[in-house]
Amino acid sequence: MRLDAAVRQLEGLVLFFENYRINGFVSAMIDAKEISLDMGIEPIFPKKRQVCRKRHFDEVSNSDREQQSAEESFRTDYFLVIVDIALGELKSRFEQLHCFESIFGFLFDAAKLTSFDDNELKSFCVNLENALKHGDVSDVDARDLFSELQVLQVMLPKEAYETDKPWTSIKILEFVKSVDMFPNVMVAYRVHVMILCFD
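Residues numbered from 1 in each chain as written. Predicted model: local features only at pLDDT ≥ 70, side-chain atom pairs only at ≥ 80, totals over all residues. Heavy atoms only, no water.

### Overview of the layout of surface pockets
To be explicit about the condition: Within this scheme a cavity is a closed region of a 1 Å grid, computed over the protein atoms alone, that accommodates a 1.4 Å probe without allowing it to escape, whereas a pocket is open but has protein on both sides within 12 Å along at least five of seven lines; lining residues each have an atom within 4 Å of a point. Grid points are joined across faces, edges and corners, and a volume is the space filled by probe spheres set on the points. Each helix is a run of DSSP H or I of at least 4 residues and each strand a run of E of at least 2, with the numbering of both proceeding from the N terminus. Polarity classes work like this: nonpolar for Ala, Val, Leu, Ile, Met, Phe, Trp, Tyr, Cys and Pro, charged for Asp, Glu, Lys and Arg, and polar for all others, with Gly in that last group.
By volume, the second largest pocket is sized at about 290 Å³. As for the second largest pocket, its lining consists of 15 residues, and the residues nearest its centre are Met29, Ala32, Lys33, Phe45 and Phe74. Elements represented by at least two residues in the lining of the second largest pocket include exactly helix 1 (3–38) and helix 3 (70–104). Counted by class, the lining of the second largest pocket contains 11 nonpolar, one polar and three charged residues.

### A word on the side chain of Ser169
Where we set the bar: With a 1.4 Å probe rolled over the protein chains alone, any residue whose accessible area is under 20% of its type maximum counts as buried; one over 50% counts as exposed, and the rest are partly exposed. Residues adjacent in sequence count toward polar contacts only when both atoms are side-chain atoms; beyond that, a polar contact is any pair of N or O atoms within 3.5 Å, and within protein one must be able to donate a hydrogen and the other to accept it. Pairs of residues are marked as contacts when any of their non-hydrogen atoms sit within 4.5 Å.
In this structure, Ser169 sits in helix 7 (residues 169–179). Assessed through its relative accessible area of 5%, Ser169 is described here as buried. Only 3.1 Å separates the side chain of Ser169 from the side chain of His192, close enough to count as a polar contact. With near-sequence residues (within four places) excluded, Ser169 lies in contact with Leu107, Phe108, Tyr189, His192, Val193 and Leu196.

### What to know about the nonpolar core
Heads up, the condition is: Grouping buried Ala, Val, Leu, Ile, Met, Phe, Trp, Tyr and Cys residues that are joined through side-chain atoms within 4.5 Å yields what is termed a nonpolar core.
Phe104, Leu128, Leu149 and Leu152 are the most contacted members of the largest nonpolar core, which totals 33 residues. By residue number, the principal contributor to this core is helix 8 (residues 183–198), which donates six residues. Beyond its immediate chain neighbours, meaning those up to four positions away, Leu152 contacts Leu113, Ile172, Phe175, Val176, Phe182 and Val185. In terms of nonpolar packing, the next biggest core, distinct from the first, is built from 13 residues, Ala6, Val7, Met29 and Val83 among them.

### A word on the pattern of salt bridges
As a reminder, the rule being used: We define a salt bridge as a contact between a side-chain nitrogen of Lys or Arg and a carboxyl oxygen of Asp or Glu at a distance within 4 Å.
Under the counting rule described, the total for this entry stands at five salt bridges. A salt bridge links Lys91 to Glu18; its shortest N-O distance comes to 3.1 Å. Taken together, the positions of Lys91 in helix 3 and Glu18 in helix 1 put the pair 73 residues apart, joining distant regions of the chain. Here Glu72 ties to Arg75 by a salt bridge, and the two come within 3.2 Å at their closest N and O atoms. Of this pair, Glu72 and Arg75 both sit in helix 3, three residues apart, roughly one helical turn.

### Things to note about the packing of aromatic side chains
Short version of the rule: Aromatic rings from Phe, Tyr and Trp, with only the six-membered ring used for Trp, were paired whenever their centres fell within 6.5 Å, and each pair was classed as stacked if the ring planes differed by under 30 degrees, edge-to-face if by over 60, and tilted otherwise. Comment: the charge-over-ring label is applied if NZ (Lys) or CZ (Arg) is within 6 Å of the ring centre and within 35 degrees of the ring normal.
Across all of its chains, the model carries 12 aromatic pairs by this definition. Feature note: the residues Phe16, Phe17, Tyr20, Phe25, Phe74, Tyr78 and Phe79 constitute an aromatic cluster, connected by ring pairs. Over the ring of Trp167 we find Lys171; its NZ or CZ atom is 5.3 Å from the centre of that ring.

### Focus on helix 7
The α-helix winds at 3.6 residues per turn, so residues separated by three or four positions along the chain end up facing the same way. Selection rule: Think of it as the arc spanned by the lines of direction from the helix axis to the C-beta atoms.
Along helix 7, the residues that are buried comprise Ser169, Ile172, Leu173, Phe175 and Val176. Buried residues of helix 7 fall within an arc of 160° about the axis and therefore sit on the same side. Positive phi appears at Asp180, one or two residues downstream of helix 7, with a value of about 50°.

### Regarding a nonpolar patch on the surface
In plain terms, the rule: Residues forming no salt bridge and having over 30% relative accessible area are the ones grouped into patches, like charges within 9 Å of each other and nonpolar side chains (Val, Leu, Ile, Met, Phe, Trp, Tyr) within 5 Å. Accessible surface area values rest on a Shrake-Rupley calculation with a 1.4 Å probe, where residue burial reflects the displayed protein chains alone.
On the surface, Ile35, Met39 and Ile41 cluster together into a nonpolar patch covering about 310 Å² of accessible area. Of note, Ile35 is situated in helix 1.

### A closer look at the environment of Ser178
Here Ser178 is to be found in helix 7. Assessed through its relative accessible area of 56%, Ser178 is described here as exposed.

### Points about the packing of helix 5 (residues 118–131) against helix 6 (residues 142–155)
Using the following cut-off: Interaxial angle, 0 to 180 degrees, is taken between N-to-C directions of lines fitted to C-alpha atoms, where a helix line uses only the stretch in contact. If an angle is under 35 degrees, it is roughly parallel; if it is over 145, roughly antiparallel; if it lies from 65 to 115, roughly perpendicular; otherwise it is oblique. Handedness of a crossing is defined here by the sense of rotation of the near helix relative to the far one, left-handed for an anticlockwise turn of less than a right angle and right-handed for a clockwise turn.
Packing of helix 5 against helix 6 brings their axes to within 9 Å, and their N-to-C directions diverge by 135°. Relative to helix 6, helix 5 is oriented oblique. Judged by the twist between their axes, the crossing of helix 5 over helix 6 is right-handed. Across the interface between the two elements, Asp118, Leu121, Lys122, Cys125, Val126, Leu128 and Glu129 of helix 5 pack against Ala142, Leu145, Phe146, Leu149, Gln150 and Gln153 of helix 6. Class assignment of the residues belonging to the contact of helix 5 with helix 6 gives a composition of eight nonpolar, two polar and three charged.

Below, the structure written as structure tokens:
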């Protein structure tokens, strides 16, 4: 799957779960009742026996919690907890992918790469140089990378970007290796592909 498409899909999934957290309990209950009836189980929540105990004079009453119905208790103690865990995990993944896209997104495919003007391309190259910098040393030089990408934009065959299936970063890397004249582009794509493989 292309990463830009994955980011859009994940963003949609996060929005779905945020909406489901607010409105999904009723439909989940309907589905659960249908399943339980199909299995021959009565669709009711067992009622907990209320334990009467003495309260200390300084103890704060938790009467709202104690008077919750079994269904409302299930909603707050299980449904919302599970949905919140799922949302937390999705948002964590989304942040990682979004960060990766902000650095390497311009290299994702040939259609994207050839669509940028010089100012955009220069900005992406500077951003990538900074991301790959350790102290004063960087794996790529932004000015050289920018110059190489300008030439690559012109050199890529039309089939790389004028189809409904543009060349992926791996295909572009293969092309760059075959022409053997873009050292900074080669490093940028190798790092990009390597991170994809280990992510």
